[in-house]
2 protein chains.
Amino acid sequence: MEARPTMPVIEKETESGVFQQIAEYRPPASWRTWLFGRPLASADAPHQTIGKAIGLAVFASDALSSTAYATEEILLVLAAVGVAAFVYALPIAIAIVALLTILTLSYEQTIHAYPGGGGAYIVARDNLGELPAQTAGAALLTDYILTVSVSVASGVAQITSAYPFLFPYRVSLSVGLVLFIMLINLRGVKESGVTFSIPTYFFVAMMFLTVGIGFYRYITGSLGMVVGPPPLRAPEMASISLFLILHAFSNGTTAVTGTEAISNGITAFKEPKSHNAGITLIWMSVILGTLFLGITYLAIKMGAIPSEEETVISQLARTVFQGQGLLYLAAIAATTLILVMAANTAFADFPRLSALHAGDGFLPRQLTYRGSRLVYSRGIVALALIASLLIVLFKASVTALIPLYAIGVFLSFTLSQAGMACRWWKAGHLTPGVEVQEPGSVLRHEPRWALKMGINGFGSVCTAIVMVVFAATKFRDGAWIVVLLVPAMVVVFFAIHHHYRDLARHLSLEEYGSAPRIARHRVIMPISGVHRGTVAALRYARFLSDDITAVYISMDSAETERLRSKWESWGDGVRLIVLESPYRLFLEPLLGYIEAISQHRQPNETITIVVPQFVPRRRWHNLVHSQAALWLRMALLFKRGIVITDVPYQLD
Amino acid sequence: MEARPTMPVIEKETESGVFQQIAEYRPPASWRTWLFGRPLASADAPHQTIGKAIGLAVFASDALSSTAYATEEILLVLAAVGVAAFVYALPIAIAIVALLTILTLSYEQTIHAYPGGGGAYIVARDNLGELPAQTAGAALLTDYILTVSVSVASGVAQITSAYPFLFPYRVSLSVGLVLFIMLINLRGVKESGVTFSIPTYFFVAMMFLTVGIGFYRYITGSLGMVVGPPPLRAPEMASISLFLILHAFSNGTTAVTGTEAISNGITAFKEPKSHNAGITLIWMSVILGTLFLGITYLAIKMGAIPSEEETVISQLARTVFQGQGLLYLAAIAATTLILVMAANTAFADFPRLSALHAGDGFLPRQLTYRGSRLVYSRGIVALALIASLLIVLFKASVTALIPLYAIGVFLSFTLSQAGMACRWWKAGHLTPGVEVQEPGSVLRHEPRWALKMGINGFGSVCTAIVMVVFAATKFRDGAWIVVLLVPAMVVVFFAIHHHYRDLARHLSLEEYGSAPRIARHRVIMPISGVHRGTVAALRYARFLSDDITAVYISMDSAETERLRSKWESWGDGVRLIVLESPYRLFLEPLLGYIEAISQHRQPNETITIVVPQFVPRRRWHNLVHSQAALWLRMALLFKRGIVITDVPYQLD
């Protein structure tokens, strides 16, 4: 047991005249302090803001890290026809960068419209209603989980590319990494920027170096081909099909996941917030697009082969840097780090979004609880567990996880932009000068509403098409799981919401007269013997009411006779009822009796069950006692108007 | 939920004048009825007795079944030197049969001295004291577990000898068989005799047929050698040693396990009980000795090789019956059946003995509880679980389990016979005509006490020597586990006993004056909000005492303000204490407060914690509520003089 400090009780008289005391409780140090750090008071919540350079580092890791696997996943689909089909990879990459451009323009508008933070959930809730909002939320939550699974699996794949002897341990390594990130997040990440800047800028620098030197070598003709590439699987098809191209395209769209991150975190930026956030978004997209195109172009030119054994990034780096030297290892380390940072981003987003849902009553309210380090600890643990489960189920294979990934992102993109389009329509039809306060932002007249609605509307249509292509081409590979899961989640969300609303209505004191008086109070006291514990409980029962009935379950007639005669000396004249139990059951006859009594109850009659509960000195002693009192409580908890009182009897 | 029938309540006035009601409870039909059979009332316990022929069938399966593996285990040890050493098997078997004779004479005396049942536990308790009795009991319990593991593993080995393709599944098959026997025993085995007679006599007949034909063929010279015997492992030693012979001997002594079974079950026999039981014992020993010698002799002559792949019984049967025909399969089936019956015997003995220990307060009293089918269900389940665990740990290998087996039997033999020797000494020094009532039997003067003491004493010394040889030769192979386990069990038994005695003393009403009066009654009511549930709980608290304090844990100051103003309208003037919890903890501040209050308590002051507990309509709803009331109860249960009352509030 932890030591429990006595509380400093401060007495204080309030204006209302009701006497009140205020005390503060500070938890004592324990092993938790060592593992998670010293507890933080609610007042300790940080209120710092960050600039553009650091903002890029904080919010871009998810988006930028997808360059580590997007190219590979495109090539993997094309490999079904053979190496010749790899020429299609570049046009596909260009199409994806075009999509990225549309998304960037669209989100730039969201950032300016929602300076308080414009995640898909909030935008959909304000403009489209509960159902689209919950759908967007469910989609995003699903995707955050997959971000963790995919990023960590890909990070571990980078490591096992450099050190192939670790390949058999990839599942354990991945799960270990998820739990490590969980622990870091439970301690609470100080978003000090510096911690984030190092890996992000290290990755950006290393990738530009790799791609830059790669291009230089390519132009000067000294690049050459990948030495000893992993084996290519045998082609399954004779010729390329539209389906295959679309499939490759949707695999590649994982590159644009994470684009929405900045729009969620606008409040973290320095003033002017929206302006700074918008510029950061554009920078992020430019870097992402450049790297993605560069990596894809070089990968094709040098004959990289997509494989579970060695990532395309590893093949690229060792070809560009001509061997597995220091620069190669730096590139691999940077890629692994950014992937871990991407997973870490999901650990910030998932708990925040689930707390938002819980606050609105669509998820268990416990998710709004902030732990000792001011983080939403339950959301963090839930995310780590589900992501680990996925890693184990899909054996830490990025290729196996990819079909589940990104549908959610595109669904939320679609809903968010559709919401924005709606919003511009409303803004366009508002009288200039009028301001409408919405839950998430302020709505004003917008003269250029048609253009803005066009941009968001076009973005919405594009992402909707991508989503449908995605779901269709990858349905059988695993996308069906998400297609079923998201609606199921929405159903659960609404069921929870219904329950909370129903509960609030039933507990409300509005239109509630006054509580009816208790007219009669019956006490029923089950006993298993006559001893000091029974006598103590009887004394307590006497204090509650004069109408007491002791109940004994008889399994052995000789023992019952002994009990009867003992009760005559110690029972204080209280009525004793013996229930014969020829089938040696204890709980059932007692419950049956209580049921019979409570059926013949008068109105306003309360029944209290006083249970003498023997409390042993040591915990193991409980093993040698039947926990009848506990079972009785469990069984009676769901009965109406029956109060259960445990009278403990401790040994000296 | 099962349907709960209303109870027929019968009212009845007793002589003492205290008004009483008697009701009977009969459980409704459920899935349990289907699985375990209709519940049996205590009055349904069978009281039938059996004759000698059926008695032999009921009690001999454990002893007779050991012929299925005893020879093999002797040969296995001798194989360390090579086939040449197999000639020692016959003298070893003769020595074991001599031991069996001594045991039979010794137990014959026990049977007559303890007509009410003379298990080692009872004999040791009456004549040697608690410690030897508990030791004998611990040893026997250990051995019953091993009887199940070894018999089932050997039974499955017979099956896999006939059907080698099942060999990889031997662990699952064995565990499945244990669970099947458990289920049969939970339903309650009707010891109708017929069910037992068929497999026992089938086995005896098949073995006599096998051995008989074997001898005929051997004498007529048509027996031949085992065709394609399993491979012999390479010899590890150059020459035979005394250690090896003793090791082989102790492996072979597993043949005499089960000899004690009849002395435990004398009461089941027809009158004259002791006479009938004694004759049955002698018959059992004669059959066992004959079969064991015959099997061993033939096995050596036909060159059987001990092996995990094919049992010696299988090799014997297919050589005698010249192939795997119908007679071979019948012999294998009979052997498997008798082994299963042996395991089944342990399922009767273990629960009965553990209930005996529990009744004396050396094991948890729950073990004396008889389930719906009048069997000691908890002991049955415990036995099945531990035996299955052993099978899994030792991979269902009889050879690996054997070193653990039989030490316990020989320890209990030794203690039981030493107890008998003591008893004869006492009987010899008693005045003729005087009768001393002991817990387990009646002690009378015995003129031939010296002879009888000699027989039991000699038996005791012999079994003690065997036990020491056993422990020494097999110590490293696994016997050390039992050598450590039995004393550890005895320590636990006495710890439990001490706890029960201590408890009885503390709960005893002797020298207990009258319960002190309750002088002051304080009520503390933790609240999490002001709603109908709170109001209902407050109304109940009002009924208990005028000294009520409501306690609210504040984590958010705005919410606390709202609560305060609501309390002013609904709080009925009751004092409200607000505990600030800047670290967002709920339970700890509340416990700290209750601790502080209870430290400043007056003598005879009782504190009742009234917890408003919201009871949701459906069980899954509990998932979306923090179970604060439950945690509070768990934390407070161990506090002195604090009574906890849950006031449930159910939704309509």
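A.B. asks: An account of the overall build of chain A is requested, with residue identities and associated values reported.
C.D. replies: Check the secondary structure of chain A and you find 22 helices and 9 strands. Counting only C-alpha atoms, chain A reaches 110 × 65 × 50 Å along its principal axes. Of all 652 residues assigned to chain A, the portion counted as buried reaches 49%.

A.B. asks: Describe the nonpolar core, and please don't skip the residues or the numbers.
C.D. replies: When a protein is soluble and globular, its nonpolar side chains tend to lie buried together. Membership of the largest hydrophobic core comes to 154 residues, with the highest contact counts inside it found for L78, L383 and L401 of chain A. Among the elements that take part in this core, helix α13 (residues 326-359) of chain A stands out by supplying 19 residues, more than any other. In contact with L78 of chain A, other than residues within four places in its own chain, are A85, F86, Y88, A89 and A248 of chain A. Counting 153 residues, the second-largest nonpolar core is a separate cluster that includes A60, Y114, F413 and F470 of chain B.

A.B. asks: Describe in detail the confidence of the model for chain A, supporting the description with residues and values.
C.D. replies: Residues and elements named next belong to chain A. For chain A, the average pLDDT comes to 85, and 93% of its residues sit at 70 or higher. Note on residues 1-6: pLDDT under 50 across the span, and 10 contacts to partners over four residues away in sequence or across chains. The ipTM value of the predicted complex is 0.76, and its pTM value is 0.71.

A.B. asks: Lay out helix α22 (residues 628-636) of chain A with the relevant residues and their values.
C.D. replies: In an α-helix, one turn spans 3.6 residues, which is why side chains three or four residues apart end up on the same side. All names here are of chain A. Those residues of α22 that sit buried are A629, L632 and L636. The buried residues of α22 occupy an angular sector of 60 degrees when the element is viewed end-on, so they sit on one face. If you follow the buried residues of α22, they end up packed against β5 (520-527), α21 (587-599), β8 (605-615) and β9 (642-650).

A.B. asks: Quick one: what's the story with the packing of helix α16 (residues 407-428) of chain A against helix α18 (residues 475-507) of chain A, residue by residue and with numbers?
C.D. replies: Residues and elements named next belong to chain A. At a minimum axis distance of 10 Å, the contact between α16 and α18 shows a crossing angle of 45 degrees. One finds that α16 runs oblique with respect to α18. For the pair formed by α16 and α18, the contact residues are I407, G408 and L411 on the first element and A479, V482 and V486 on the second.

A.B. asks: How would you explain the environment of H247 of chain A if you had to name every residue and give the values?
C.D. replies: One can find H247 of chain A in helix α9 (residues 242-252). Residues in contact with H247 of chain A, not counting those within four places in the same chain, are V77, T473 and K474 of chain A.

A.B. asks: Before we move on, could you go through the packing of helix α5 (residues 120-127) of chain A against helix α6 (residues 130-162) of chain A and cite the residues and values that matter?
C.D. replies: Residues and elements named next belong to chain A. Two elements in contact, α5 and α6, have axes separated by 7 Å at closest approach and are oriented at 170 degrees. In terms of their interaxial angle, α5 and α6 are classed as roughly antiparallel. Judged by residue contacts, A120, Y121, A124 and R125 of α5 engage E130, P132, A133, A136, G137 and L140 from α6. A class-by-class count of the residues in the contact of α5 with α6 yields 7 nonpolar, 1 polar and 2 charged.

A.B. asks: Explain the environment of K426 of chain A to me, and be specific about the residues and the numbers.
C.D. replies: For K426 of chain A, the position within the fold is in helix α16. Separated by 85 residues in sequence, K426 of chain A and E511 of chain A place their C-alpha atoms 38 Å apart.

A.B. asks: Would you mind going over the domain arrangement of chain A in detail, with residue names and values included?
C.D. replies: Along its sequence, chain A is organised into domain 1 (49-498) and domain 2 (520-650). Spacing between the C-alpha centres of domain 1 of chain A and domain 2 of chain A amounts to 61 Å.

A.B. asks: Just give me the short version of the pairing of β9 of chain A, but keep the residues and values in it.
C.D. replies: Residue and element names in this part refer to chain A. In terms of burial, β9 is a largely internal element, 8 of the 9 residues being buried. The pairing of β8 with β9 spans 9 bridges and is parallel. Bridging across to β9, I607 finds its partner in I642.

A.B. asks: Explain the pairing of β8 of chain A to me, and be specific about the residues and the numbers.
C.D. replies: Residue and element names in this part refer to chain A. Most of β8 sits out of view: 9 of its 11 residues are buried. Judged from the 5 bridges that link them, β5 and β8 form a sheet pairing that is parallel. Across the sheet, residue H521 finds its bridge partner in β8, namely T606.

A.B. asks: An account of unusual backbone geometry is needed here, citing residue identities and associated values.
C.D. replies: With glycine set apart, most residues show a phi of negative sign, and most peptide bonds adopt trans. Here the residue pair E271 of chain A and P272 of chain A is connected by a cis peptide bond, since its omega of -10 degrees sits within 30 degrees of zero. For P272 of chain A, the location among the structural elements is in the loop between α10 (261-264) and α11 (273-301). Phi is positive for Q322 of chain B, close to 50 degrees, though the residue is something other than glycine. Looking at the element boundaries, Q322 of chain B is found in the loop between α12 (312-320) and α13 (326-359).

A.B. asks: Talk me through helix α3 (residues 70-78) of chain A; I want residue IDs and the actual numbers.
C.D. replies: Residue and element names in this part refer to chain A. Here α3 lies mainly inside the structure; 9 of its 9 residues are buried. Within the sequence span of α3, burial applies to A70, T71, E72, E73, I74, L75, L76, V77 and L78. Where the residues of α3 are buried, they touch α4 (89-113), α9, α11, α12 (312-320) and α15 (398-401).

A.B. asks: Mind laying out the environment of G37 of chain A, listing which residues take part and the relevant values?
C.D. replies: All names here are of chain A. With respect to the helices and strands, the residue G37 is situated in the loop between α1 (31-36) and α2 (52-65). The exposure class assigned to G37 is partly exposed, which follows from the 13 C-beta atoms found within 10 Å. Among all residues touching G37, those that are not within four sequence positions of it are R187 and R373.

Calculation notes
Residue numbers restart at each chain and count upward from 1, following the sequence in its written direction. Chain A is the first chain written and ligand 1 is the first ligand written, with later ones labelled in order. Totals for whole chains, interfaces and linings use every residue, but because this is a predicted model, local features are given only for residues with pLDDT of at least 70 and side-chain atom pairs only at 80 or more, for both listing and counting. Numbering of helices and strands runs from the N terminus, with a helix taken as a DSSP run of H or I at least four residues long and a strand as a DSSP run of E at least two residues long. Partly exposed residues are those whose C-beta has more than 12 but fewer than 20 other C-beta atoms within 10 Å; 20 or more makes a residue buried and 12 or fewer makes it exposed, with C-beta atoms placed from the backbone. We call a set of buried Ala, Val, Leu, Ile, Met, Phe, Trp, Tyr and Cys residues a nonpolar core when their C-beta atoms link them within 7 Å. Placing a C-beta atom from the backbone of each residue, one calls two residues in contact when those atoms lie within 7 Å. What pLDDT conveys is the predictor's confidence in a given residue, as a value from 0 to 100. Here the arc refers to the set of directions running from the helix axis out to each C-beta atom. To obtain each axis, a line is fitted to C-alpha atoms, and for helices this fit is confined to the stretch in contact; angles are then taken between N-to-C directions over 0 to 180 degrees. When describing relative orientation, an angle under 35 degrees is termed roughly parallel and one over 145 degrees roughly antiparallel, while 65 to 115 degrees is termed roughly perpendicular and anything else oblique. Nonpolar residues are Ala, Val, Leu, Ile, Met, Phe, Trp, Tyr, Cys and Pro. Charged residues are Asp, Glu, Lys and Arg, and all others, Gly as well, are polar. Note that the domain bounds were set by an automatic or database domain assignment. DSSP calls a pair of strands paired once it identifies at least 2 bridges connecting them.

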